[in-house]
Amino acid sequence: DVMDMSVAGNRSLQKNTNASCMEWEMAADLEVTCWGGDWGLPSVDTDSLIVMAYIRFTGAPVKLNHVDNTWKTSTGFVPAMAFQEMIITRPSDIINLLRKQKYNADYFLSAKEGADTLAYVALLEEKLYPALLYTFWVDSENYCNMTRPWFAARIPFPLNFYLPGKMARAALRRILLTRGEPPLYNLSEVEMQINKDAKECLNLLSYRLGMQQFFFGDIPTSLDAFVFGYIAPLYKACLHNSHLQLHLKQLHNLCKFCDSILSTYFTSEIQQKLEDGR
């Protein structure tokens with residue numbers, strides 16, 4: 001009986017070990033395609049930055065690929081993670097997949113802090129994201145002089161001829177869908193309202209962060225990944241026209257927050273970019 005129990009115990013241990021190995025192999029096989037970096041950032045794209053930051057915060061063994069001239073797509077959606085014959089593109093879905101692989105940056109949060117995280121992520125998407133879309137993809141000066149040339153130079157032929165325009169039209173469509181209703185009848189009124197909302201959102205984030213290193217203390221969580229992804233491009237981009245960027249740069253704790261994440265988690269990428277630019 002003792003021998004049977006021992007054998008059963010060994011089988012159970014072997015089963016658990018095999019399951020752990022399978023989970024590890026599954027995570028180790030994961031790859032995600034992101035937009036590349038510039039302006040001192042590992043990526044210029046909000047969604048890519050969210051995913052990249054979360055991967056660094058958790059140490060998940062995910063291979064990062066950047067869009068280059070071998071890229072093939074029918075959708076243009078980036079970031080993109082291939083998993084079991086599915087392509088996952090939303091940052092929240094990619095993060096949920098990594099959580100299932102035991103890479104959870106929020107493991108120590110209380111129920112209230114978890115609820116706060118969901119509320120702030122929703123706030124970012126509702127109040128800040130439309131202004132980012134407008135700044136990078138709809139404002140004609142920024143789009144013609146920075147956004148379109150940057151993406152067109154990195155997207156392979158012939159996609160580079162139509163994909164930036166498709167992305168700009170999608171950005172405008174999303175803005176008008178959420179903001180282009182009465183009493184906002186024209187684009188200039190929409191621009192004023194979304195910039196007002198975005199500044200209020202940035203002020204709220206700055207107040208919530210206070211003097212802390214991260215939003216819940218000394219350890220980064222998924223909320224820090226989302227905030228970093230939203231504000232870092234606005235902070236670092238070489239924009240030709242943006243009152244919102246000037247507003248952000250007056251909120252010194254948010255700027256310090258971005259700089260701290262870059263210097264702690266993305267030193268190698270930034271160094272590589274500097275070397276490539278020489």
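Computed from a predicted structure; not experimentally measured. (Residues numbered from 1 in each chain as written. Predicted model: local features only at pLDDT ≥ 70, side-chain atom pairs only at ≥ 80, totals over all residues. Heavy atoms only, no water.)

### Considering the environment of leucine 234
Phase 1 of the analysis: Within the secondary structure layout, leucine 234 lies in helix α8 (residues 222-236).
Phase 2 of the analysis: Owing to a relative accessible area of 0%, leucine 234 belongs among the buried residues under this scheme.
Phase 3 of the analysis: Separated by 15 residues in the primary sequence, leucine 234 and lysine 249 place their C-alpha atoms 9.3 Å from one another.
Phase 4 of the analysis: When sequence neighbours within four positions are dropped, the list of residues in contact with leucine 234 reads Leu132, Phe136, Leu202, Leu239, Ser242, Leu244, Gln245 and Leu248. (Helix = DSSP H or I, 4+ residues; strand = E, 2+ residues; numbered from the N terminus. Buried < 20%, exposed > 50% of the residue type's maximum accessible area, 1.4 Å probe, protein only. Contact = heavy atoms within 4.5 Å.)

### Considerations on the packing of helix α7 (residues 187-209) against helix α10 (residues 252-265)
Phase 1 of the analysis: It is at 8 Å that the axes of α7 and α10 come closest, and there the two elements cross at 75°. It follows from the interaxial angle that α7 and α10 lie roughly perpendicular. Note on element contacts: α10 touches α7 through Asn253, Leu254 and Phe257, opposite Leu202, Leu205, Ser206 and Leu209.
Phase 2 of the analysis: Looking at the contact of α7 with α10, its residues break down into five nonpolar, two polar and no charged. (Axes fitted to C-alpha atoms, helices over the stretch in contact; angles between N-to-C directions. Parallel < 35°, antiparallel > 145°, perpendicular 65-115°, else oblique. Nonpolar A, V, L, I, M, F, W, Y, C, P; charged D, E, K, R; others polar.)

### As for α7
Phase 1 of the analysis: An ideal rise of 1.5 Å per residue puts 33 Å on 23 residues; α7 measures up with 32 Å between its terminal C-alpha atoms.
Phase 2 of the analysis: Along α7, the residues classified as buried are Val190, Ile194, Asn195, Asp197, Ala198, Cys201, Leu202, Leu205, Ser206 and Leu209.
Phase 3 of the analysis: Considering only its buried residues, α7 is in contact with α4 (111-138), α6 (159-179), α8, α9 (243-249) and α10.
Phase 4 of the analysis: Just past α7, the residue glycine 210 takes up positive phi, approximately 60°. (Expected span 1.5 Å × (residues − 1).)

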